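# Commentary on secondary and tertiary structure
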Amino acid sequence: MRIFFIIVFLVYGLVHLYAFLRARSALSFNRSTGLYLALFMVIMTFAPFLVRISENAGLDSLAVFVSYTGYIWMGLLFLFFSPSVAIDIYRLAIFLAGAVLRSDITGLKPSTGFSFFVPLILSVVLSCYGFYEARNIRTEKVVIRTSKLPRDIGKFKIVQISDVHLGLIVKEDRLERIIKRVKEESPDMLVSTGDLLDGQLNSIGSLAEMLEKIQPAYGKFAITGNHEFYAGLTQSLDFTEQAGFRILRGEGITVNDVINIAGVDDNAGRRFGLYTEVSEREMLSGLPRDKFTLLLKHRPEIDREATGLFDLQLSGHTHKGQIFPFRLITRFFYPHVAGLVALEGGSSLYVSRGSGTWGPPIRFLSPPEVTVIEIINDGR
């Protein structure tokens, strides 16, 4: 775990160094200005640590300030970095083409000022739009037809929330928007597919009360995501239970003789020695085969030995990259980062883009969602 964080902050630090060199090249500022900018960037690099330290010290106002400042800066930096690298690749291509053609085509190269200010302006504009997009929660609807639903039920509606990341940034206002979407659908069942909480848990007890008021007829179920372990598993489970969810940790049940639901821990639990070890195949094999089986699993990873034993797996985690073009990186780890896909053995997978935000309160080309899954009896 320590190595993981070292790598993350090393990469984040190198992105800051790249941005600093870009700014120095374009602006030619003096040594004093450079030192102040460098100090600011060092503080921003370690802002996530400073947030946690401030909160642990009971300095909630400082933690909120550092959280907003540090994570908005992170979003700006990411949105600056991508077009800036694209321009650098173009500049390199012009240089190589000139060398190959033995011709002076440097006139096609953008100037240093253009290479800095265009990405800078883009990052500011897109961050403003991304802040709006992150609050504009959409309802995505999925229809699954099956013969495994009792005829007298006809239609069974499940609402999925995922990756809400309640904490210092995602609080009452954002949660109220999510809850409004959920209530509009009047679901038979509500599920949370992990990362309901972020790494900061202080002063969010009222949020559990807001969620507790949602009382679907067939209950509320949740699983752990990686952030439940980062935040502290005991506190996270307590919060989730106070919010009215039954937490499934390597177990499956049949609800009211209508539907099977099973859930597993996120793999992050292994790093903390808190993972509930279970064979998905054995867990699912113990459920009635004539009932529709729903599997909750935070990461969109497929256990090939279990396909055919569940009808629909609901996952999240990817945020669809949250800020484009990071979905291209996400695809290296997860082939399917959003939406519905058919699997072997008649199983399906649905991956939510997430209902909240991690880190920057910004989304770009990846709007948040509340997912409505309608399971309909096909009459067979």
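In short, a report on the structure. (Residues numbered from 1 in each chain as written. Predicted model: local features only at pLDDT ≥ 70, side-chain atom pairs only at ≥ 80, totals over all residues. Heavy atoms only, no water.)

### Considerations on helix α9 (residues 233-242)
Buried within α9 are the following residues: Leu233, Ser236, Leu237, Phe239 and Thr240. Projected down its long axis, α9 carries its buried residues within an arc of 160°, all on one side. Those residues of α9 hidden inside the fold are in contact with α7 (205-212), β4 (220-222), α8 (226-231) and β5 (246-247). Looking one or two residues past α9, glycine 244 carries a phi angle of roughly 95°, positive in sign. (Buried < 20%, exposed > 50% of the residue type's maximum accessible area, 1.4 Å probe, protein only. Helix = DSSP H or I, 4+ residues; strand = E, 2+ residues; numbered from the N terminus. Arc of directions from axis to C-beta. Contact = heavy atoms within 4.5 Å.)

### Some words on the layout of surface pockets
Quantified by volume, the largest pocket comes out at close to 1800 Å³. Together, 43 residues line the largest pocket, and Phe4, Val8, Phe78, His227 and Trp358 are the ones closest to its centre. The set of elements that each furnish at least two residues to the lining of the largest pocket consists of α1 (2-27), α3 (47-56), α4 (60-101), α8 and α12 (326-333). It is α4 that contributes the most residues to the lining of the largest pocket, eight residues altogether. A per-class count over the lining of the largest pocket returns 26 nonpolar, 12 polar and five charged. Considering the residues around the second largest pocket, the lining is formed by Ala19, Ala23, Leu27, Leu37, Met41, Trp73, Leu76, Leu77, Phe80, Phe116, Leu120 and Ser123. Here the residues of the lining of the second largest pocket are counted per class, giving 11 nonpolar, one polar and no charged. (1 Å grid on protein atoms, 1.4 Å probe; cavity = no way out; pocket = protein on both sides within 12 Å on 5 of 7 lines; lining within 4 Å. Points joined across faces, edges and corners; volume = space filled by probe spheres on them. Nonpolar A, V, L, I, M, F, W, Y, C, P; charged D, E, K, R; others polar.)

### Focus on the pairing of strand β3 (residues 189-192)
Residue alternation in β3 divides its side chains into two sets, Met189 and Val191 and Leu190 and Ser192, and both sets are buried. Once the chain exits strand β2 (residues 155-161) it traverses helix α6 (residues 172-185) before rejoining the sheet at β3, and the crossover so formed is right-handed. Two elements, β3 and β4, share three bridges in a ladder whose sense is parallel. If you follow leucine 190 over to β4, its bridge partner there is lysine 220. (Right-handed = clockwise from strand over helix to strand, strands pointing away. Pairing = 2+ DSSP bridges.)

### Things to note about the pattern of salt bridges
A full pass over the atoms with the stated rule returns 17 salt bridges. With its nearest N and O atoms 2.5 Å apart, the salt bridge here joins arginine 22 to aspartate 88. Highlighted residues: arginine 22 in helix α1 and aspartate 88 in helix α4, separated in sequence by 66 residues. The exposure class of aspartate 88 is partly exposed, given its relative accessible area of 25%. (Salt bridge = Lys/Arg side-chain N within 4 Å of Asp/Glu carboxyl O.)

### Regarding the sheet that holds strand β6 (residues 251-255)
Spatial ordering of the open sheet is given by β6-β7-β8-β9-β11-β10, a layout of six strands whose pairing is mixed. With one partner strand each, in any of the chains shown, β6 and β10 (339-342) form the two edges of the open sheet. Taken over all neighbouring pairs, the strand axes of this sheet differ in orientation by 20° on average, direction set aside. In the sheet, strand β9 (residues 312-315) pairs with strand β11 (residues 348-351) via four bridges, with the strands oriented parallel. Looking across to β11, one finds that glutamine 313 is bridged to leucine 349. (Axes fitted to C-alpha atoms, helices over the stretch in contact; angles between N-to-C directions.)

### Some thoughts on the environment of glycine 13
Its location among the elements puts glycine 13 in helix α1. Glycine 13 sits in the partly exposed class, given a relative accessible area of 25%. The spatial distance from the C-alpha of glycine 13 to the C-alpha of isoleucine 376 is 50 Å, given a sequence separation of 363 residues.

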